[in-house]
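Descriptive structure summary
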Amino acid sequence: MEHAKNSEVLGEKIVRVLKTIYDPEIPVDIYELGLIYDVMVNTDDEVKILMTLTTPNCPVAESMPMEVEEKVKSMDEVKDCEVEITFDPPWTQELMSEEAKLELGML
């Protein structure tokens, strides 16, 4: 049970790191944009992040996943990080948090 607690705490820390990464075209972080579909932490503190991009031909399709991977890997508690990009389901504005929609004047 102890580990589940640690994974949860680590998951929250990872989310804080993800919130420092911004989509270059939109002044909102990738977490609030809804680009992060899943953050999985295994018992070895290896992290797998399932994320999407706003469009498949997004200009940062290469650099953004690398930035996510590097920032999460640089965390002391994380042994390794793998970022997987998926377009299933495709990203829509519905996935954005209220905060992001407010920020972009969509509410």
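Computed from a predicted model, the values in this text were never measured in an experiment.

Turning our attention to the environment of Val83. With respect to the helices and strands, Val83 occurs in strand β3 (residues 80-85). On the basis of relative accessibility, which here comes to 14%, the residue Val83 falls in the buried class. Along the sequence, Val83 and Val15 sit 68 residues apart, while their C-alpha atoms lie 14 Å from each other. Discounting chain neighbours no more than four positions away, the residues touching Val83 are Ile49, Met51, Pro65, Val68 and Glu69.

Under the local residue numbering, the UniProt record ascribes the feature "domain: MIP18 family-like" (unreviewed entry) to residues 12-85. Across residues 12-85 one finds 24% helix and 24% strand; the C-alpha atoms that close the span lie 21 Å apart.

Soluble globular proteins tend to bury their nonpolar side chains together. Counting 27 residues, the largest nonpolar core has Ile14, Ile30, Ile49, Met51, Val68 and Val72 as the members making the most contacts within it. Where this core is concerned, the elements lending two or more residues are α1 (2-18), β2 (46-51), α2 (63-73) and β3. Here this core takes four residues from α1, the largest share from any one element. With near-sequence residues (within four places) excluded, Ile30 lies in contact with Leu18, Ile21, Tyr22, Asp23, Leu35, Ile36, Met51, Met64 and Val68.

Thresholds, definitions, all that
Residues numbered from 1 in each chain as written. Predicted model: local features only at pLDDT ≥ 70, side-chain atom pairs only at ≥ 80, totals over all residues. Heavy atoms only, no water. Helix = DSSP H or I, 4+ residues; strand = E, 2+ residues; numbered from the N terminus. Buried < 20%, exposed > 50% of the residue type's maximum accessible area, 1.4 Å probe, protein only. Contact = heavy atoms within 4.5 Å. UniProt positions renumbered as here; feature names shortened; annotations may be inferred. Core = buried A, V, L, I, M, F, W, Y, C linked by side-chain atoms within 4.5 Å.

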